[in-house]
Every structure is written in structure tokens, then in C-alpha cells.
Amino acid sequence: MIGKAISFASGVIFALAVALAACGGPVYGGGPGPGPGYGPPPGPPGHPVINQAIGELQRTRQMLIDQAASGFGGHKASAIAGIDQAISELNICLSMP
């Protein structure tokens, strides 16, 4: 169980790092919401890394919701909020040339 938690945490950290690197800016935490990334269509073919990062973050978010054993003292909700913010930042990147 500890191994799964560490693997999951590593995946979330990696996804957030990709989001940060793709836009070249910080990812700020935010409150829980309905979930971003379900608005603007994927960007042009010129942004394949950003599109891939959004897809990975969306899958990670859903995995957390569906498969995480508990709320982990609020850290699960915090991780989901961070993922939501990262997806929002990446959607902003998609709107840029």
C-alpha cells in the first residue's frame, strides 16, 4: 500500500512539473471546483506536449477520485485542487501562439 501511495504521489508531482515546464511559469494552488480542462478544445498541433500533459493530468485526477482509498487528511483534495490549477494554467498556454 505504501508503494502505491509513493508511486501515485510521484505521478502527481511529475504531472505538475510537466505543467510548470510547459508554460514556463509557476503553478498556484486553488480551491476545489468542478474540474478544469473540460472547456477549450485541444490546442493546435503545435502544442503536443501541452495537450499530452492535460490528458495525463485529467487521467490522474480521475484516478484519484475513483481509486484513492481515503481523503488522506485533506491531502487528496489538495492534490486534486493542484491538478485543477495545473490544467487551468495549461489551457491558458494553449491560447498562446
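Here we look at the overall build of the chain
Phase 1: Helix and strand counts for the chain stand at three helices and zero strands.
Phase 2: Secondary structure elements in the chain, listed N-terminal to C-terminal, are α-α-α.
Phase 3: Of the accessible surface of the chain, which amounts to about 5800 Å², a share of 67% is contributed by carbon and sulfur atoms.

Considering the pattern of salt bridges
Phase 1: Across all of its chains, the model carries two salt bridges by this definition.
Phase 2: For glutamate 56, the salt bridge goes to arginine 59, with nearest N and O atoms at 2.9 Å. Of this pair, glutamate 56 and arginine 59 both sit in helix H2 (residues 48-67), separated by three residues, roughly a single helical turn.
Phase 3: Overall, glutamate 56 belongs to the partly exposed group, its relative accessible area being 38%.
Phase 4: Arginine 61 is paired through a salt bridge with aspartate 84; the nearest N and O atoms lie 2.4 Å apart. Highlighted residues: arginine 61 in helix H2 and aspartate 84 in helix H3 (residues 75-94), separated in sequence by 23 residues.
Phase 5: For aspartate 84, a relative accessible area of 6% puts it in the buried group.

A few points about the nonpolar core
Phase 1: Judged by nonpolar contacts, the single largest core of 13 residues is most densely connected at Ile50, Ile54, Leu57, Leu64, Ile83, Ile87 and Leu90.
Phase 2: At the level of elements, H2 and H3 are the ones that each hand at least two residues to this core.

Remarks on the packing of H2 against H3
Phase 1: In contact at an axis separation of 10 Å, H2 and H3 are set at 160° when each is read in the N-to-C sense. Here H2 lies roughly antiparallel to H3, going by the angle between them. As H2 packs across H3, the resulting crossing turns out to be left-handed. Between H2 and H3, the contacting residues are Ile50, Asn51, Ala53, Ile54, Leu57, Gln58, Thr60, Arg61, Leu64 and Ile65 on the first element and Lys76, Ala79, Ile80, Ile83, Asp84, Ala86, Ile87, Leu90, Asn91, Cys93 and Leu94 on the second.

Here is what the cut-offs are and how they apply
Residues numbered from 1 in each chain as written. Predicted model: local features only at pLDDT ≥ 70, side-chain atom pairs only at ≥ 80, totals over all residues. Heavy atoms only, no water. Helix = DSSP H or I, 4+ residues; strand = E, 2+ residues; numbered from the N terminus. Areas by Shrake-Rupley, 256 points an atom, 1.4 Å probe, with all protein chains shown as cover. Salt bridge = Lys/Arg side-chain N within 4 Å of Asp/Glu carboxyl O. Buried < 20%, exposed > 50% of the residue type's maximum accessible area, 1.4 Å probe, protein only. Core = buried A, V, L, I, M, F, W, Y, C linked by side-chain atoms within 4.5 Å. Axes fitted to C-alpha atoms, helices over the stretch in contact; angles between N-to-C directions. Parallel < 35°, antiparallel > 145°, perpendicular 65-115°, else oblique. Left-handed = near helix turned anticlockwise from the far one by under 90°. Contact = heavy atoms within 4.5 Å.

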